[in-house]
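Overview (structure and organization)
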Amino acid sequence: MRVLFAMMVLIVSLGAPALAQDDAAPWQATITGQVEAFRAGDGEAALSFAGQGFQTQFEGQPEVFLGVILASGYGAIAESRSHSFGEFNKVSDTAVLQVVNFVGRDQSLYEALYQLADEPGEGWRVQSVALRKEAGLGI
């Protein structure tokens, strides 16, 4: 898992130069919307920001989606105090990798690599997230 995460971060770091921050707003708004929904315990809203695969799998079961996410080790996102955006790599017109930094409830630091796709008729949706705990404490 750590090797996969390191490879994904390397792709973001060495990929195409980062675009202007304004260009990132659409997918960053999607991430922020989902993070805020997780923080509020709102499975329906969180699922609405997820990709079609997740929406199909959990159709009519948003609370199950929320439970699965929390049980899968992503509680650090749901319980985070704050988040900020790091580098991103727009892989294509419809795919992006975005680094997101989180400060946990206990001041722990986490780094997540989000994979998003611009789904036809839906806009930017979260396809996957790789999360790892970082050394240090946040403020």
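Here we summarise the structure given alongside this text. Remember, it's a predicted structure, so these values are computed and weren't measured experimentally.

Time to look at the overall build of the protein. Regarding its fold elements, the protein presents five helices and four strands. Secondary structure of the protein in N-to-C order comes out as α-α-α-α-α-β-β-β-β. Put simply, the protein shows about 7,400 Å² of open surface, and 56% of that area lies on carbon and sulfur atoms.

What follows concerns the nonpolar core. Judged by nonpolar contacts, the single largest core of 28 residues is most densely connected at F38, F65, I77, F102, Y114 and L116. Among the secondary structure elements, those contributing two or more residues to this core are α2 (21-40), α3 (43-48), α5 (62-78), β2 (95-103), β3 (108-119) and β4 (123-137). With seven residues, α5 is the largest single contributor of residues to this core. Leaving out residues up to four positions away in the same chain, F102 has contacts with V35, I77, S80, S82, H83, S108, L109, Y110, A112 and Y114.

A few words on the layout of surface pockets. There is about 240 Å³ of room inside the largest pocket. Forming the boundary of the largest pocket are 17 residues, of which F54, F65, I69, Y74 and V129 lie nearest the centre. Taken together, the elements giving at least two residues each to the lining of the largest pocket come down to α2, α4 (52-57), α5 and β4. Examining the composition of the lining of the largest pocket, we find that six residues originate from one element, α5, more than from any other. Residue classes in the lining of the largest pocket are distributed as 12 nonpolar, five polar and no charged.

Another point: the side chain of Q34. Position of Q34 among the secondary structure elements: in helix α2. For Q34, a relative accessible area of 4% puts it in the buried group.

With that settled, consider the packing of aromatic side chains. This structure, assessed with the given rule, holds five aromatic pairs. A centroid spacing of 6.0 Å and a plane angle of 70° characterise the contact between F54 and F65, whose relative ring orientation is edge-to-face. Of this pair, F54 sits in helix α4 while F65 is found in helix α5, placing the two residues 11 residues apart along the sequence.

In this section: the pairing of strand β1 (residues 82-92). Sheet topology note: the β1/β2 ladder contains eight bridges and is antiparallel. Bridging from a neighbouring strand, S84 pairs with N101 of β2. Between β1 and β2, which pair antiparallel in sequence order, lie two residues.

Definitions and cut-offs
Residues numbered from 1 in each chain as written. Predicted model: local features only at pLDDT ≥ 70, side-chain atom pairs only at ≥ 80, totals over all residues. Heavy atoms only, no water. Helix = DSSP H or I, 4+ residues; strand = E, 2+ residues; numbered from the N terminus. Areas by Shrake-Rupley, 256 points an atom, 1.4 Å probe, with all protein chains shown as cover. Core = buried A, V, L, I, M, F, W, Y, C linked by side-chain atoms within 4.5 Å. Buried < 20%, exposed > 50% of the residue type's maximum accessible area, 1.4 Å probe, protein only. Contact = heavy atoms within 4.5 Å. 1 Å grid on protein atoms, 1.4 Å probe; cavity = no way out; pocket = protein on both sides within 12 Å on 5 of 7 lines; lining within 4 Å. Points joined across faces, edges and corners; volume = space filled by probe spheres on them. Nonpolar A, V, L, I, M, F, W, Y, C, P; charged D, E, K, R; others polar. Phe/Tyr/Trp six-rings, centres within 6.5 Å; stacked < 30°, edge-to-face > 60°. Pairing = 2+ DSSP bridges.

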